[in-house]
Amino acid sequence: MAEPDSEAVADVPLYLRVAAALREDLTRRRIAPGSRLPSERSLSQRYHVNRQTVRSSLQLLREEGLVVTDRRGTFAADDAHAPTGPEPADPPLTARRPTFPGGPRAAGALVRASLVWEPPPLPLAPRLLLTPDEPTLVHRHTVLGPHGGALQRAVSWFSRAALAEIPQLSRYRRGRDCRQQPDLRLLYHWMHQAGLRITHRESVGVPPGPAGTAAGGAARLVVHRVVSDQHGHALEITDIDFSAQSAAWTYEFSA
């Protein structure tokens, strides 16, 4: 694993940092289910950000199903405050649907992420329906610890089929619209919305020899994930690398 990056946390957008703080309060039940959250004005003063940043943070938590908002305000989600009426166009993730790219722990952590267009490793190109040296969308993602150190790193390559079928990915056109801090945590939800029935195949192992040991003597674990559609076409291939001493791998999935 890489050494701690003292600038990493500062690079994380403010709305993600506020969302991470509120998410911890919600998941640890410091904010009780069904209780009302402080007002946007109070939250903006607490976290020293503007109200638009607070709104972006709350929108992310709504998409994750952790809070609900009605005319009375925003509440920690529970059955009593679940929204009624027609299902929204963008329903929240269920608790058992996996979070891209690094599992549930990565969903609640500060991250450093980027999107670029570049060719995948040559052995992966045919599986992604790409010609050799053909660029595709590549997502790099680092989960940060409390002091800015890297706990987990992931790199994902998307196939031609994924870019064609998933509208939220297709907007990242080659050479433009690639933000330095993209938020793709709802990727598997987007696949579901696009009518794709996905299959995850994961291989977990320890690299041989010295490469299999991280700083401090802890074992390094590597996860190789292939996500395919109902036709067997690869949509995404991801490699994840982390130290068993500083990070845990927890993964749940139901189709």
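Look a little higher up for the structure.
Read on for a plain summary of the structure. Bear in mind the structure is a predicted one, so any value in this text is a computation, not a measurement.

**Concerning the overall build of the protein chain**
Then comes step 1: Across its full length, the protein chain carries 8 helices and 8 strands.
Then comes step 2: By residue count, 45% of the 255 residues in the protein chain fall in the buried class.
Then comes step 3: In the protein chain, of all internal contacts separated by at least 6 residues, the share reaching a separation of at least 24 is 63%.
Then comes step 4: Element-wise, carbon and sulfur atoms account for 51% of the exposed surface of the protein chain, whose accessible area totals about 13,400 Å².

**Structural notes on the nonpolar core**
Then comes step 1: In this structure, F158, I166, L169, L184, L187 and M191 are the most contacted members of the largest nonpolar core, which totals 20 residues.
Then comes step 2: Looking at this core, the elements with two or more residues in it are α6 (160-165) and α8 (187-193).
Then comes step 3: Considering each element in turn, this core owes the most residues, 4 residues, to α8.
Then comes step 4: Setting aside anything within four residues of it in sequence, one finds L169 in contact with L137, F158, A162, L163, L184 and L187.

**Topic: the packing of helix α2 (residues 14-27) against helix α3 (residues 40-47)**
Then comes step 1: Remark: α2 packs on α3, axes separated minimally by 11 Å, with the N-to-C direction vectors making an angle of 110°. Between α2 and α3, the angle is such that the two are roughly perpendicular. For the pair α2 and α3, the contacting residues are V18, A21, L22 and D25 in the first and L43, R46 and Y47 in the second.
Then comes step 2: For the contact of α2 with α3, the per-class residue count stands at 5 nonpolar, no polar and 2 charged.

Rules used throughout
- Residues numbered from 1 in each chain as written.
- Predicted model: local features only at pLDDT ≥ 70, side-chain atom pairs only at ≥ 80, totals over all residues.
- Heavy atoms only, no water.
- Helix = DSSP H or I, 4+ residues; strand = E, 2+ residues; numbered from the N terminus.
- Buried < 20%, exposed > 50% of the residue type's maximum accessible area, 1.4 Å probe, protein only.
- Contact = heavy atoms within 4.5 Å.
- Areas by Shrake-Rupley, 256 points an atom, 1.4 Å probe, with all protein chains shown as cover.
- Core = buried A, V, L, I, M, F, W, Y, C linked by side-chain atoms within 4.5 Å.
- Axes fitted to C-alpha atoms, helices over the stretch in contact; angles between N-to-C directions.
- Parallel < 35°, antiparallel > 145°, perpendicular 65-115°, else oblique.
- Nonpolar A, V, L, I, M, F, W, Y, C, P; charged D, E, K, R; others polar.

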